[in-house]
Each structure stands twice: as C-alpha cells, then as structure tokens.
Amino acid sequence: MEPVATPIRATEGELASVKYDAKGLVPAIIQEVGTNEVLMVGWMNEEALRRTLDTGRTWFWSRSRQEYWCKGETSGDRQWVREARYDCDVDVLLFLVEQEGRGACHTGERSCFFRAFGSGATPGPV
C-alpha cells in the first residue's frame, strides 16, 4: 500500500521566523522516521518549504539547475513527510520522512551518507 501524504500545518509566524542565507536558502536535513537514519541534506527556499508543508512531500531548490524538485518524481524514491521541525536558531530544518523505494541518494544508496572517513572509500562527488 502506498504511503499517504500528510500536510503539516505551520503558522505564518513560524514561517516568517525561518532564517535564510544570503541566497534565500536554508539547509533541510532529511531523517527517516523510526530508524532516525539521516538520509540526505537538501536546500529549501520559502516556496520549497511551503510546498513541502502543503503537500506532505519533500520539495527542494536545486542550486545547480535553479529549479524546484520534488524528491522521487523521476526515481520513484519518494519521501512522505511525517514531522517538520526547526532548530533553536530557526536556520536549519529537519524533516522526518517515510522513505519509499530504494533510498534517498541519487547513487541508489539508502542514505547519501554511505561513506565514512577512514573506510577506504573513494572520496569526491559520485
């Protein structure tokens, strides 16, 4: 059975409190609900944050392509938001998601954090 989208209600005051960087972006940590595994980090601007909260799916701003993208629309590896949080300074977001499909990483790994320092893994972008 496919997961169900769960929109998250946020107040205008909460949304107005988010501190974006000079490019209008805020980092968004994506963590799997239940396991607490960190799956990925993406960037959101105000519109991507609103889309995420309104749709219950993760939306990001692509810094390289300069466009919005909804996680899983091309890969099928969708993220269903279950909780949305912000840190004490309101300059980092945390989303607890139900991960559908293989995982969050474009490489096919479950998490983007599949390499460890000292492990002998090849460094650099994949």
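Residues numbered from 1 in each chain as written. Predicted model: local features only at pLDDT ≥ 70, side-chain atom pairs only at ≥ 80, totals over all residues. Heavy atoms only, no water.

1. Considering the overall build of the chain
When you go through the chain residue by residue, the secondary structure sums to two helices and six strands. Its helices and strands in sequence order give the chain the pattern α-β-β-α-β-β-β-β, from N to C terminus. On the principal axes, the C-alpha backbone points of the chain span a range of 45 × 40 × 30 Å. Out of the 126 residues in the chain, the part that is buried amounts to 33%. (Helix = DSSP H or I, 4+ residues; strand = E, 2+ residues; numbered from the N terminus. Buried < 20%, exposed > 50% of the residue type's maximum accessible area, 1.4 Å probe, protein only.)

2. Structural notes on the pattern of salt bridges
Taken as a whole and judged by the stated rule, the model has eleven salt bridges. Ionic pairing is found between E67 and R65, a salt bridge with its closest N-O pair at 2.9 Å. The class of R65 is partly exposed, set by a relative accessible area of 46%. R102 is paired through a salt bridge with D77; the nearest N and O atoms lie 3.3 Å apart. Of this pair, R102 sits in the segment after strand 6 (93–99) while D77 is found in the loop between strand 4 (67–70) and strand 5 (79–86), placing the two residues 25 residues apart along the sequence. Salt bridges sharing partners connect three or more residues here, namely R57, E73, R78 and E100. (Salt bridge = Lys/Arg side-chain N within 4 Å of Asp/Glu carboxyl O.)

3. Here we look at the pairing of strand 5
Two strands pair when backbone bridges link them, and strand 5 and strand 6 are joined in this way by seven bridges, in the antiparallel orientation. In the strand pairing of strand 6, R85 is matched with L94. Where strand 5 folds back on strand 6, the antiparallel hairpin that results is connected by six residues, among which V90 adopts a positive phi of roughly 55 degrees. (Pairing = 2+ DSSP bridges.)

4. Examining the sheet that holds strand 1 (residues 26–32)
In spatial order, the strands read 2-1-6-5; together these four strands make up an open sheet with mixed pairing. Edge strands, defined here as strands with exactly one partner in the open sheet, are strand 2 (38–44) and strand 5. Across the sheet, the mean angle from the axis of one strand to that of its neighbour is 25 degrees, orientation sign disregarded. (Axes fitted to C-alpha atoms, helices over the stretch in contact; angles between N-to-C directions.)

5. Some remarks on the packing of aromatic side chains
Overall, the coordinates contain two aromatic pairs when judged by the stated rule. Geometrically, the ring pair formed by F60 and W69 is tilted, given 4.8 Å between the ring centres and 35 degrees between the ring planes. For F60, a relative accessible area of 0% translates into the label buried. Aromatic pair W61 and Y68: ring centres 4.8 Å apart, planes at 70 degrees, arrangement edge-to-face. A relative accessible area of 18% means that W61 is categorised as buried. Here the basic side chain of R51 rests over the ring of W59, its NZ or CZ set 4.8 Å away from the ring centre. If you follow R57 out to its NZ or CZ, it ends over the ring of W80, 5.0 Å from the centre. (Phe/Tyr/Trp six-rings, centres within 6.5 Å; stacked < 30°, edge-to-face > 60°. Lys NZ or Arg CZ within 6 Å of the ring centre and 35° of its normal.)

6. A closer look at the nonpolar core
In terms of nonpolar packing, the biggest core is built from 20 residues, with M44, L49, L93 and F95 touching the most fellow members. Those elements that place two or more of their residues in this core are strand 1, strand 2, helix 2 (46–55), strand 3 (59–62) and strand 6. With residues near it in sequence (within four places) discarded, L93 still touches V18, V26, P27, A28, I29, M44, L49, R85 and Y86. (Core = buried A, V, L, I, M, F, W, Y, C linked by side-chain atoms within 4.5 Å. Contact = heavy atoms within 4.5 Å.)

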